[in-house]
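# Understanding the architecture of this molecule
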Amino acid sequence: PLVVPLVFSSCNLDDGSAIDIDESDGDENVSGFGGVSSDDEAHDEPRVRNISVRTGVLDEKAAATQALGQFALHTKSFYAPYLEETLKILVRHSSYFHEDVRLQAIIALKHILTATEAVFQGRSEGPAKAKEVLDTVMNIYIKIMTDDDDKEVVAQACIGIAEIVNAFGFVAAEPYMSQLIEAVLVLLKEESACQLVESDGEADEDDAEHDEILMDAVSDLLPAFAKCMGPHFAPVFSKWFGPFMKFSKASRPPQDRTMVVASLAEVAQNMGAPIAGYIETLMPLVLKELASSEATNRRNAAFCVGELCKNGGEATLRYYVDILRGLSPLFSESEPDNAVRDNAAGAVARMIMVHSEAIPLNQVLPVFLKVLPLKEDQEESMAVYSCICGLVLSSNPQILSLVPDLVNVFAQVVLSPVETDEVKALISRAFSHLMSLYGQQMQPILTSLPPAHANALASFVSGT
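Remember, it's a predicted structure, so these values are computed and weren't measured experimentally.

### Details of the nonpolar core
In this structure, Phe225, Phe233 and Leu327 are the most contacted members of the largest nonpolar core, which totals 150 residues. Take this core: its biggest share by element is 10 residues, from helix 10 (residues 204–229). With sequence-adjacent residues up to four places away left out, Phe233 is seen in contact with Leu222, Phe225, Ala226, Trp240, Val267 and Met271. Counting residues in each nonpolar core, the second largest holds five residues, with Leu58, Ala62, Tyr96 and Phe97 among its members.

In structure tokens form, the structure reads like this:
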């Protein structure tokens, strides 16, 4: 109650700015300077020749706008008395003439939506109020995507939409889908206002960085919608796929290609079976990226190839030999990045789980087990250890020939502070199965382990 009114005052400061407007083509002969304040509609102004502004006030206004969003985010339902006035300010600032203020307004709008949900939760008018704020926020974001001339502001609008979809599901985006499809298309075709602004020549490096920030945010929208729509994302994806793929061309920088591959991996993961229709287009790109000189590219390619095999059905089988050949160097000592190796293990695990008959297990499993346990990317744990434990529980002869290596891996996983209880429960079941199969024959293997490993494995299994 003490701070928020002061922040409102900062947001409403007269910034003392002035613009020199060129209206020489108009019917009315208006010249000179006109005052600009945060009440002006920045998107509807005539052509501007010069802008002057008190930067101290501008900085204060941007900081105050940011503060409102943070207050709403962290106090949630307690922010109720200030919601209405804050929303008015943020709507106004979302079209402010300076991008620093617009940027903070775009970020804060998402926080206001979060606070609104908390304030009206369980109240009869709640859904209507939340829908009213959602309408305001989404319409601003969609307009920003195509009309704003600052790439960072547009990127934040895209991030905001992805966060809303992730937080509230498809129901939050459904009324706006036709507009969103078109807005994303405009960005993928690089035809939005911020992408058509000419560089001044001296800011090329900064502009390239802003391009990367923008397109990373745009590319994150694809998996966000795939996650909330599942297979129903397929018709939308078909519209975005062509323009998106131009960022994967050999002429594009490595960060563009890995952006595409990372996004497509998550689309395959969440959209599921419809990705099968794109395998022939995607697989050559992903196979090439496995050999990239950039570790991030190799890592994303390994994850992507695994998800394509998992969800792409029979269409992937013809590529299995090439995939294994492409993954092989990532298991060797010449691969310097542990995360790359972990993702390669995840890819092989997914391939085995969907088409073990297409994998020469006697050749693949010894190499596969040699890189375990996972060193860095525990997001691959469920895939990797589900694969191994599935083979053990089905008494696959190829995996049973590697019992000493298996037990060594199991002991390290059980001792790991970063592996989940769910993963350790899988290990426990598989180890118990080995004990039931081999009984006393396991004793020499356990004795060969470091005492801490042997004791941990024995106590963990007996305690579950």
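### Some remarks on the packing of helix 4 (residues 99–119) against helix 6 (residues 151–168)
The interhelical angle for the contact between helix 4 and helix 6, taken along N-to-C directions, is 10°, at an axis separation of 9 Å. One finds that helix 4 runs roughly parallel with respect to helix 6. Within the contact between the two elements, helix 4 uses Glu99, Arg102, Leu103, Ile106, Ile107, Lys110, Leu113 and Glu117 and helix 6 uses Glu152, Val153, Gln156, Ala157, Gly160, Glu163, Ile164 and Phe168. Broken down by class, the residue content of the contact of helix 4 with helix 6 amounts to eight nonpolar, two polar and six charged.

### Side note on the pattern of salt bridges
The full count for this structure, using the stated rule, is 16 salt bridges. Here Asp256 makes a salt bridge to Arg252, at a shortest N to O gap of 3.0 Å. Between Arg325 and Asp322 there is a salt bridge, with the nearest N and O atoms lying 2.9 Å from each other. Of this pair, Arg325 and Asp322 both sit in helix 15 (residues 320–327), three residues apart, which is roughly one turn of that helix. Using a relative accessible area of 35% as the deciding quantity, one classes Asp322 as partly exposed. In the salt-bridge network here, residues are joined through shared partners; they are Glu190, Lys246, Arg252 and Asp256.

### A look at the state of the cysteines
Overall, the coordinates contain zero disulfides when judged by the stated rule. In this structure Cys389 is a free cysteine whose sulfur lies 9.1 Å from that of Cys387, the closest cysteine sulfur available.

### Brief notes about the packing of aromatic side chains
Summed over the entire model, instances satisfying the criterion amount to nine aromatic pairs. Where Phe233 meets Phe237, the ring centres are 5.8 Å apart and the plane angle is 40°; that geometry is what we call tilted. Using a relative accessible area of 0% as the deciding quantity, one classes Phe237 as buried. An angle of 55° between the planes, with centres 4.6 Å apart, marks the rings of Phe241 and Tyr278 as tilted. You can see Phe241 sitting in helix 11 (residues 234–245) and its partner Tyr278 sitting in the loop between helix 12 (254–271) and helix 13 (279–289), a full 37 residues away along the chain. For Phe241, a relative accessible area of 10% translates into the label buried. Residue class for Tyr278 comes out buried when judged on its relative accessible area of 16%. Among the aromatic residues, those joined into a ring-pair cluster are Phe225, Phe233, Phe237, Trp240, Phe241 and Tyr278.

### Examining the packing of helix 5 (residues 126–147) against helix 6
The N-to-C vectors of helix 5 and helix 6 enclose an angle of 140°; their axes lie 8 Å apart at closest approach. The orientation of helix 5 with respect to helix 6, classified from their angle, is oblique. Of the two possible hands of crossing, helix 5 and helix 6 adopt the one that is left-handed. Here Leu134, Val137, Met138, Tyr141, Ile144 and Met145 of helix 5 come into contact with helix 6, specifically with Val153, Val154, Ala157, Cys158, Gly160, Ile161 and Ile164. Of the residues that constitute the contact of helix 5 with helix 6, the class distribution is 12 nonpolar, one polar and no charged.

### A closer look at the confidence of the model for the protein
Per-residue confidence for the protein averages 90 on the pLDDT scale, and 89% of its residues sit at or above 70. The model gives residues 24–43 a pLDDT under 50, and that stretch makes 39 contacts with residues more than four places away or in other chains.

### Section: a negative patch on the surface
Together, Asp59, Glu99, Asp100, Glu152, Glu209, Glu212, Asp216, Asp220, Glu266 and Glu379 make up a region of like negative charge exposed at the surface. Elements with a contribution of two residues or more to the negative patch: helix 4 and helix 10. Of all the elements, helix 10 adds the most residues to the negative patch, at four residues. Relative to the elements of secondary structure, Glu99 occurs in helix 4. The class of Glu99 is partly exposed, set by a relative accessible area of 31%.

Thresholds, definitions, all that
- Residues numbered from 1 in each chain as written.
- Predicted model: local features only at pLDDT ≥ 70, side-chain atom pairs only at ≥ 80, totals over all residues.
- Heavy atoms only, no water.
- Core = buried A, V, L, I, M, F, W, Y, C linked by side-chain atoms within 4.5 Å.
- Buried < 20%, exposed > 50% of the residue type's maximum accessible area, 1.4 Å probe, protein only.
- Helix = DSSP H or I, 4+ residues; strand = E, 2+ residues; numbered from the N terminus.
- Contact = heavy atoms within 4.5 Å.
- Axes fitted to C-alpha atoms, helices over the stretch in contact; angles between N-to-C directions.
- Parallel < 35°, antiparallel > 145°, perpendicular 65-115°, else oblique.
- Nonpolar A, V, L, I, M, F, W, Y, C, P; charged D, E, K, R; others polar.
- Salt bridge = Lys/Arg side-chain N within 4 Å of Asp/Glu carboxyl O.
- Disulfide = S-S within 2.5 Å.
- Phe/Tyr/Trp six-rings, centres within 6.5 Å; stacked < 30°, edge-to-face > 60°.
- Left-handed = near helix turned anticlockwise from the far one by under 90°.
- pLDDT = per-residue confidence, 0-100.
- Patch = residues over 30% accessible without salt bridge, like charges linked within 9 Å, V, L, I, M, F, W, Y side chains within 5 Å.
- Areas by Shrake-Rupley, 256 points an atom, 1.4 Å probe, with all protein chains shown as cover.
- Lys, Arg positive; Asp, Glu negative; His and termini not counted.
- Charge placed at Lys NZ, Arg CZ, Asp CG, Glu CD.

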